Amino acid sequence: MSAVDRAYCIADLKRLARKRIPNFAFDYIEEGCNDGIAVSHNRQALDSVQLVSQYTAQYQEPNLTTTLFGRQYDAPVGIAPLGLSGLVWPKASIMHARTARQANVPFVLSTVSTISIETAAQHAANNLWFQLYPPADREICLDLLSRTQAVGCTNLVVTIDVPTPSRRIKALKSGLSVPPKISVGSIWQSCLRPQWSLATVAAGLPQFANLTPYMDTKTMAMADAAEFIRNTLRDVVDLAYLQWLRQHWHGQLIVKGVMSVADAKAIRDIGADGIIVSNHGGRQLDAAPSPVMLLPDIMQEVGADMTVLADSGVESGVDVARYLALGAQAVLSGRPFMYGVGAGGQAGSDKCIELLRLELQQVMSQLHCGRVDDFPNYLYHF
């Protein structure tokens, strides 16, 4: 039995990943912005959500299936968009795409992933969603939309909560950047993780595969390429930009990073199909509240008009259940799937979704909750 097989919770995968990947890569997954207060608040807020069993109600076998945007999935859990995933383990996004296809859950590919839309579609098939950081150059944006449509992807996730880069202190101190800064410390950390180092050397340094078609990679130095990416990705996504996207994207438009009722209403009113209530896992604004605190009010205002998902702070199937009880129709998870590939590559990624599903199923059985849609009936109000 492998170490991944002996992982009984996401925390076990996290411990395995810490031993298998360099510290700077582990910090990239774990760290929030500034002092990490928003990350701590996410944990505290989720822990405060309690569920009440209904033992005298007729027992029903748990059914984890859920329908999102006209398609049925086998669990109300998806893989959140993960930028620069190849830093954690080479071909990590391919592994996540395969996991999503095998488990029949959504896989949201980041604009700044280390694999392209076309490669992701080969491995995720109809489970692919595409997350867009809208470029300032409208022609590049339209081409990204065209490529997304060409591979049969109909769900576009637009992230709005990155108007400026966040300050992640460990990353700044370690020199984690694009292009990567080679230092004595990073070389030493890599030497301490020979399996990661050999795999990385074999695969080559991670690249932003979705954006390389718009760069002259033959003549452009790596530092110039990084500067091109920084200047190309639009810093601010406002309502006018979302309206423009709504006019040019004919599939499902889902807006990620919604953290207020006012934003949820404005996004609904321009014709978006869904939102993701999220504080970016505590990685952008350290003073941000947890989505737990805002989700009930947002659901009350727009829940009848659009699909509402949530993410941030998910570390278990119990956390998934908590967000579902607050009204979310599905939950995205990011860090656990990064820990999975860090712990054991494809096997670790597959283990992550297996654990989340098993834990969610156990909660449903304990509550006597037969369907995902029924979770709000079990929320304890205090």
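No experiment lies behind these values; they were computed from the predicted model shown.

The rules behind each value
- Residues numbered from 1 in each chain as written.
- Predicted model: local features only at pLDDT ≥ 70, side-chain atom pairs only at ≥ 80, totals over all residues.
- Heavy atoms only, no water.
- Helix = DSSP H or I, 4+ residues; strand = E, 2+ residues; numbered from the N terminus.
- Contact = heavy atoms within 4.5 Å.
- Patch = residues over 30% accessible without salt bridge, like charges linked within 9 Å, V, L, I, M, F, W, Y side chains within 5 Å.
- Areas by Shrake-Rupley, 256 points an atom, 1.4 Å probe, with all protein chains shown as cover.
- Salt bridge = Lys/Arg side-chain N within 4 Å of Asp/Glu carboxyl O.
- Buried < 20%, exposed > 50% of the residue type's maximum accessible area, 1.4 Å probe, protein only.
- Phe/Tyr/Trp six-rings, centres within 6.5 Å; stacked < 30°, edge-to-face > 60°.
- Lys NZ or Arg CZ within 6 Å of the ring centre and 35° of its normal.
- Axes fitted to C-alpha atoms, helices over the stretch in contact; angles between N-to-C directions.
- Parallel < 35°, antiparallel > 145°, perpendicular 65-115°, else oblique.
- Left-handed = near helix turned anticlockwise from the far one by under 90°.
- Polar contact = N/O pair within 3.5 Å; in protein donor to acceptor, adjacent residues only side chain to side chain.
- Core = buried A, V, L, I, M, F, W, Y, C linked by side-chain atoms within 4.5 Å.
- Expected span 1.5 Å × (residues − 1).

> Outline the overall build of the protein chain, supporting the account with residue identities and numerical values.
For the protein chain, the count of helices and strands is 15 helices and 10 strands. Intrachain contacts of the protein chain at a sequence separation of at least 6 include 73% that bridge at least 24 residues.

> Any details on a nonpolar patch on the surface? Residues and values, ideally.
Taken together, the side chains of V52, Y380 and F382 present a nonpolar region at the surface, about 340 Å² in accessible area. Looking at the element boundaries, Y380 is found in the segment after α15 (335-367).

> Can you lay out unusual backbone geometry for me, pointing to particular residues and giving the numbers?
Phi at A125 takes a positive value of approximately 55 degrees, unusual for a residue other than glycine. Looking at the secondary structure, you find A125 in the loop between α5 (117-124) and β5 (128-132). Classification of A125 by relative accessible area gives partly exposed; the value is 27%. Positioned with a positive phi, H280 is a non-glycine residue whose angle comes to about 65 degrees.

> Tell me what's going on with α5, and back it up with residues and numbers.
Of all the positions in α5, only I117, A120, A121, H123 and A124 are classed as buried. The positive-phi residue at the C-terminal boundary of α5 is A125, with phi of around 55 degrees.

> Could you give an account of the packing of aromatic side chains, naming the residues involved and the relevant values?
Within the structure shown, the criterion is met by four aromatic pairs. Ring centres of Y73 and W129 lie 6.4 Å apart, and the angle between their planes is 70 degrees; this geometry places the pair in the edge-to-face category. Within this pair, whereas Y73 is found in strand β2 (residues 71-73), its partner W129 is found in strand β5, the two being separated by 56 residues in sequence. Of the residues examined, Y73 reaches a relative accessible area of 1% and is grouped as buried. What makes W129 buried here is its relative accessible area of 0%. Between the NZ or CZ atom of R138 and the centre of the ring of Y241, over which it lies, the distance is 4.6 Å. Over the ring of W244 we find R138, and its NZ or CZ is 4.4 Å from the ring centre.

> Let's hear about the environment of I254: which residues, and what values?
The residue I254 is located in strand β7 (residues 252-258) in this model. Residue classification places I254 among the buried residues on the basis of a relative accessible area of 0%. For I254, the residues in contact, after removing those within four places along its chain, are F69, W129, N155, L156, V157, V158, G274, I275 and I276.

> Explain the pattern of salt bridges to me, and be specific about the residues and the numbers.
Counted by the stated rule, this structure contains 16 salt bridges. For E30, the salt bridge goes to K14, with nearest N and O atoms at 3.2 Å. You can see E30 sitting in helix α2 (residues 23-30) and its partner K14 sitting in helix α1 (residues 10-20), a full 16 residues away along the chain. A salt bridge links D47 to R43; the shortest N-O distance between them is 2.8 Å.

> A description of the packing of helix α14 (residues 317-325) against α15 should follow, citing residues and the corresponding values.
Put simply, α14 and α15 touch, their axes get as near as 7 Å, and they point 55 degrees apart. The orientation of α14 with respect to α15, classified from their angle, is oblique. In this structure, the crossing between α14 and α15 has a hand that is right-handed. Residues G317, V318, V320, A321 and L324 of α14 form the contact with α15, whose participating residues are L356, E359, L360 and V363.

> Could you give an account of the side chain of T99, with specific residues and numbers?
Inspection of the secondary structure puts T99 in helix α4 (residues 92-103). Accessibility expressed as a relative area gives 0% for T99, which makes it buried. One polar contact links T99 to Q346, side chain to side chain, over a distance of 3.2 Å. With residues up to four places along the chain from it excluded, the contact list for T99 reads I79, F337, Q346, S349, D350 and I353.

> Mind laying out the nonpolar core, listing which residues take part and the relevant values?
Core analysis: the largest hydrophobic core is formed by 106 residues, its most contacted members being I275 and F375. Ranked by residues supplied to this core, first place goes to α15 with 13 residues. Counting residues in hydrophobic clusters, the runner-up holds 12 residues, among them V157, I276, A330 and L332.

> Help me get a handle on the environment of R335, residues and values and all.
Position of R335 among the secondary structure elements: in helix α15. Linking R335 and I10, residues 325 residues apart in sequence, is a C-alpha distance of 9.6 Å. The contacts of R335, once residues within four sequence positions are left out, are I29, E30, E31, G32, V39, G281 and R283. Looking at R335, its side chain comes within polar contact range of the main-chain oxygen of I29, at 2.8 Å.

> Requested: an account of α4, with residues and values cited.
With 12 residues, α4 extends 16 Å between its outermost C-alpha atoms, agreeing within 8% with the 16 Å of an ideal straight helix rising 1.5 Å per residue. Counting buried positions over the 12 residues of α4 gives nine, a clear majority of the element. Looking only at α4, the buried set comprises A92, S93, I94, M95, H96, A97, T99, A100 and A103. Those residues of α4 that are buried lie in contact with β3 (77-79), β4 (107-109), α5 and α15. Downstream of α4 by a residue or two, N104 has a phi angle that is positive, lying close to 55 degrees.

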